[in-house]
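Secondary and tertiary structure notes
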Amino acid sequence: MGEQLLQLLFTGLTLGSIYSIIALTLVTTFNVTGILNLAQGEFVVIGALLAVSLQGTGMPMIAVFIVSVILVAILGGLLERLTINRARGASSLSMLIITIGLSISLRGLALLIWGTDTYSLPAFSKGGSLLMGGAALNPQSIWIFALVAVTLAGLYGFFEHTFWGKVVKASVYNQTGARLQGINLNTISFLAFVAAGGLGAAAGVSIGPITMVTYDMGFMLGVKGFVAAAIGGLSNVGGAVIGGILLGILESFSSGLISSGLKDAISMIILLGVLLFRPQGIIGAIRERKI
Amino acid sequence: MNLKSHKGLILLLLLLIIPLMVESNYLYGTLVIIGLYAIIVQGLGILMGYAGQVSFGHAAFFGLGGYTAAILTTRFHWPTLLALLASAILPGIIAGLIGRQTLKLRELYLALATLSFGILVHIFFNEGGELTGGPSGMSGIPNLSIGSFEFDSDQKFYILVWFILLMLLIGIYNLVHSRTGRALCSIRESEYAAENAGIDCARLKLQAFIFSALLAGLAGGLYAFYVTFISPSPFSFHTSVQFVLMAVIGGLGTFWGPVIGAAVVVALNELLREIVPLLIPGAGGEYQIIIYGVILVGLMIFQPKGLSSIGQFFRLPLKKEPTTEVKNRG
Amino acid sequence: MKKTTTVLKGKLWIALLLVLSLMISACSPTKEAEVKSATGNEPYKIGAVLDISGNSSSLGVPERDTLLMMVEKLNASGGIKGHPIDLTIMDNKSDETEGVLAVKTLIEKGTLAILGASSSGTSMAMIKTVQSEKVPMISMAAASSIVEPTSERQWVYKTAQSDIVMISKIISYLKKNNLNKIAFLYMNNSYGDNGKKAITAAVKDSGINIVAEEKFDANDKDMTPQLTKVKTSGAQVAIVWAIPPSASILTKNFKDVGLAIPLIHSHGVGNQKFIELAQGAADGVILPIGKLSVARQIPDNDPQKKVLESYIADYSKKYNAEPNSFGGYAWDAFNLLVNALEKAGPDRVAIRDELEKTQGFVGISGVFNMTSQDHNGLKEDSAVLVQVEQGKWKLIE
């Protein structure tokens, strides 16, 4: 029994790592631009698919990782200029629908270029699962957590200790004041989407080895990331990460102990509970700061 | 004012006669689907456009209506007309039960809550086992019949659905011009102000929510009787998003928005499916998906108020910028 | 009132545009008479509704590719008695409602028969239309409810083997190897659900017990929670009803948790992708499948051998890849129809009758023998048992 529980925990952590990294990118974009980017899942998928193609040419994985990140970052920035920027001043519902439209188009593009096949990506390190205490842990999830940690550290460092980070923080807390100081909000929005694209690709290349890559997996990933972010409280990145881990563990344990058919139902019920009784999220109340 | 919208309804009636002359089952079928979606989006439109509440889970009510009709007729052998009524009422009851708590949430959180409700209901359809037929669904739903008259052809269904829709449009027109309608609008503009003016916002929002669920359920029941087969797949989150898209594309808070939105989305789909294989033989949905997404984005950028504001045929009395009539009235 | 006239124009435009576009989509509604009087070298119109994009695209794409290839080949050799085939393929995007509208368009264009759809749900949704319009339909999906009850399916046929056929092959294997405690894991969709129904029915009164039953989603990324339950259940063999990628992920997890019992899959994994995605974990997996994947290994005197090898050769040449069983279902549907067309000519009723009379038709999925009570026509001998050995399929039987 103990062994079974440990295995469920490890699986939960693996799933959780995937959800965390997506939730993290969603929340960052949301907090910086006020836009909930429903196309985030597609950034992840396109990053992963690009990696599949690049890897097929024999490039070493490190190069594949970097090139994918750069390409999708450019894509993110391009899309922001073409669409979000043009629609500045529209209602948040309109913005949301623009991101939905983008996600639809990107999915179609992915289908066009890569077709309906499922592809696999090599794990970052060789060797199979690590056996610990009778349960197996996928080493790729350790890599994903490493990426999450690095991103969190990077974000913290950026916002606390760099000039530009402070500029962004200022514009988040008080848009008008920031404008008066001469801060260009358009540039910030642009950079936020560049970052969203790049982070999304990084996430895609990292989770690809576990999940396999199909052109339409972006949607489910986006929804799960969204749910994870909400559980953790949409207002801060640390919460998003913890929300992701909690969601993963919740799913794993419901699957293993109760019923796999109902595992999504349980996550949804938890989400509803959080929304109705504690909308700041489980973490939100502890730390009010957004970034 | 009265003359304008009556003109619109008369125009619609004239347009509706055209398919009866063409006698194409495909046209009937497409119009049935447009009509059903328009019914759902009308309800959603009242909720979103007037009461200002967003719902990303309306496919759940659509599905609940469909499954109610299917289960009552195939498992319990209810008469079809009664089952159709039940298919509208049951979702309404469920909306009433969950509405009070959920509608206390604002915007994004409401969207999330309706999203999770939608997913929960979808899971229920999938896991329903013997009751719902599980993922394989249920077939053998009987044709809808009133007395000895059976709705067994595309043409009869077309007339039925659009008759219901016309009645609905007239009803909504009256609603919008009544005190209740104005009260709903004021909630959208500012809930605080409305509350202070003595309007029971919570009750009105709940009523709007129940009304929209009722309509979606009715459309679901009609859908079940039309296809005579039902499964969980048409009632997913994707569909809920489609409904919101239709409402926004048509134009929120406008009278004709829902019908136009539903018609544009379905017609666009059909058109793309027809044209794309001609340009690129053997091509599948990829291009359709891309073009659909691009059009959606373009629309939101250049015409965020929705398509129905191109004509500005029918201005709601209380929109954000005051119209000349209101200004003149003082 | 100037405002009204400009305003009226705007609304009118949109409305007219919509109805017009719909009517263009409907093209010219052809009535029955036109269809019957095809003479000379008039093309035979057939339609296909496939799940080319969306959830079931892995089924629809090889089917589309096979159909395009077959039509090209047939028309190059003169068509059917001089009549070329005019095939219209429509993508229902794995959506039931779109499928219904697609089939209505095709019927209105005067197609003689409909091939489709790729999956059970989308096929089921079209049935009411083809039955009321009296148009023959050949589905490439597996659910037995597509062709049953026969009293309500006069116009509907299917080419994919029923799950019952595959299950009985597995049961024979279990009995031969004295395995009577099984764990059954299945996808939480129509495919998996039908597998579960079939196996539950098959093991009744057979001495075999299902000691563990677990489900998983098509999108699930990790099935170890379900597998841990299997580990503690005492099952002697695990049977899985799924398609890639989840089938491959499960197979990888199976190896990871160290389960030492035999692993049997369904015909849903009968393509090379499954093995590739499992990244080495698929070795040892046993499954029932149509003879296509092991065509080179079946004896020369098997009636299907020639047909299989020629399909593999044509497909590989045109698409640079091996065909899989889904493409095979399309091959069977198309050729069954061509066979019926040759005998019946451009008449929907006659085509339906000829399809029902089909006997001894050698196809990819098996040898078809249709009757009025059996619109699938395949029995247990259409499947064989194979095992994955060093990343390749090996016939064991």
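1. Structural notes on helix α3 (residues 61-84) of chain A
- Between its first and last C-alpha, α3(A) extends 33 Å over 24 residues, near the 34 Å set by a 1.5 Å rise per residue.
- Within α3(A), the full set of buried residues consists of A:V64, A:S68, A:V69, A:V72, A:A73, A:G76, A:G77, A:L79, A:E80, A:T83 and A:I84.
- Looking at the packing, one finds that the buried side of α3(A) touches α2 (40-56), α4 (92-114) and α8 (185-211) of chain A together with α12 (285-302) of chain B.

2. Some words on the sheet that holds strand β5 (residues 156-158) of chain C
Residue and element names in this part refer to chain C.
- Spatially, the five strands line up as an open sheet ordered β2-β1-β3-β4-β5, and their pairing is parallel. Each edge of the open sheet carries a strand with a single partner, namely β2 (85-91) and β5. Direction aside, neighbouring strands of the sheet carry axes that sit 20° apart on average.
- With three bridges connecting them, strand β1 (residues 44-50) and strand β3 (residues 114-116) associate as parallel partners.

3. With respect to the environment of C:T251
Residues and elements named next belong to chain C.
- Position of T251 relative to the elements: it lies in helix α9 (residues 246-256).
- Along the backbone, T251 and Y315 are 64 residues apart, and their C-alpha atoms lie at a distance of 29 Å.
- Contacts of T251, omitting those with residues within four sequence positions, involve L263, H265, F274, A278, A281, A282 and V285.
- At a separation of 2.7 Å, a polar atom in the side chain of T251 contacts the main-chain carbonyl oxygen of A247.

4. Quick notes on the interface of chain B and chain A
- The interface of chain B with chain A comprises 36 residues on the first partner and 37 residues on the second.
- Buried area between chain B and chain A, summed over both chains or domains, comes out near 3200 Å², and the portion from carbon and sulfur atoms is 86%.
- Counting across the interface, chain B meets chain A through zero salt bridges.
- Where chain B meets chain A, there are one residue pair in polar contact (both at pLDDT 80 or more).
- Those elements that provide at least two residues to the side of chain B that touches chain A are α4 (80-102), α5 (107-127), α10 (237-250) and α12 of chain B.
- In terms of residues, the side of chain B that touches chain A owes the most to one element, α12(B), which gives 12 residues.
- By residue class, the composition of the side of chain B that touches chain A is 29 nonpolar, five polar and two charged.

5. A look at the confidence of the model for chain C
Residue and element names in this part refer to chain C.
- The pLDDT averaged across chain C works out to 86; a share of 90% of its residues lies at or above 70.
- Per-element confidence in chain C is highest for strand β4 (residues 137-139), whose mean pLDDT is 96, and lowest for helix α2 (residues 32-36), whose mean pLDDT is 38.
- Predicted confidence for residues 1-9 stays below pLDDT 50, and this span has five contacts to residues more than four positions away or in other chains.
- Scored below 50 in pLDDT, residues 27-39 makes 16 contacts in the model with residues more than four places away or belonging to other chains.
- Across the predicted assembly, pTM comes out at 0.85 and ipTM at 0.81.

6. Here's the deal with the pairing of strand β8 (residues 237-241) of chain C
Residue and element names in this part refer to chain C.
- For β8, the buried fraction is high: five of the five residues fall into the buried class.
- Residue alternation in β8 divides its side chains into two sets, V237, I239 and W241 and A238 and V240, and both sets are buried.
- Two elements, strand β6 (residues 181-187) and β8, share five bridges in a ladder whose sense is parallel. For I182, the partnering residue across the bridge sits in β8 and is V237.
- Here β8 runs beside strand β9 (residues 263-264); their pairing, made up of two bridges, is parallel. From the neighbouring strand, I239 faces β9, where its bridge partner is I264.
- In this view, the connection linking β8 to its parallel neighbour β9 by way of α9 has right-handed handedness.

7. Quick notes on the side chain of A:T151
All names here are of chain A.
- Looking at where T151 falls in the secondary structure, it is placed in helix α5 (residues 139-161).
- Taking the relative accessible area as the measure of exposure, T151 reaches 11% and is therefore buried.
- A polar atom in the side chain of T151 sits 2.6 Å from the backbone oxygen of L147.
- In this structure, T151 is in contact with L24 and L199, ignoring residues within four places of it in sequence.

8. A look at the packing of aromatic side chains
- In this structure the tally under the stated criterion is 30 aromatic pairs over all chains.
- Plain terms: the ring middles of B:Y223 and B:F235 are 6.2 Å apart, the flat faces sit at 80° to each other, and that makes the pair edge-to-face. On the criterion of sequence distance, the pair formed by B:Y223 in helix α9 (residues 201-227) and B:F235 in the loop between β4 (229-230) and α10 is long-range, its members being 12 residues apart.
- Considering the side-chain rings of C:Y315 and C:Y319, the 4.9 Å spacing of their centres and the 50° angle between planes classify their relative orientation as tilted. Residue C:Y315 and its partner C:Y319 are located together in helix α11 (residues 305-319), separated by four residues, close to a single helical turn.
- With a relative accessible area of 26%, C:Y319 lands in the partly exposed category.

9. Looking at the pattern of salt bridges
- Inspection of every chain in the model, using the stated rule, returns 27 salt bridges over all chains.
- We note a salt bridge from B:K156 to B:D152, for which the minimum N-O separation is 3.0 Å.
- Measuring nitrogen to oxygen at the nearest pair gives 2.8 Å for the salt bridge that ties C:K291 to C:D302. Of this pair, C:K291 sits in the loop between β10 (286-290) and α11 while C:D302 sits in the loop between β10 and α11, and the two are 11 residues apart along the sequence.
- Note on C:D302: relative accessible area 14%, which makes it buried.

Rules used in this analysis
- Residues numbered from 1 in each chain as written.
- Chains lettered and ligands numbered in written order.
- Predicted model: local features only at pLDDT ≥ 70, side-chain atom pairs only at ≥ 80, totals over all residues.
- Heavy atoms only, no water.
- Helix = DSSP H or I, 4+ residues; strand = E, 2+ residues; numbered from the N terminus.
- Expected span 1.5 Å × (residues − 1).
- Buried < 20%, exposed > 50% of the residue type's maximum accessible area, 1.4 Å probe, protein only.
- Contact = heavy atoms within 4.5 Å.
- Pairing = 2+ DSSP bridges.
- Axes fitted to C-alpha atoms, helices over the stretch in contact; angles between N-to-C directions.
- Polar contact = N/O pair within 3.5 Å; in protein donor to acceptor, adjacent residues only side chain to side chain.
- Buried area = accessible area lost by both parts, 1.4 Å probe.
- Salt bridge = Lys/Arg side-chain N within 4 Å of Asp/Glu carboxyl O.
- Nonpolar A, V, L, I, M, F, W, Y, C, P; charged D, E, K, R; others polar.
- pLDDT = per-residue confidence, 0-100.
- Right-handed = clockwise from strand over helix to strand, strands pointing away.
- Phe/Tyr/Trp six-rings, centres within 6.5 Å; stacked < 30°, edge-to-face > 60°.

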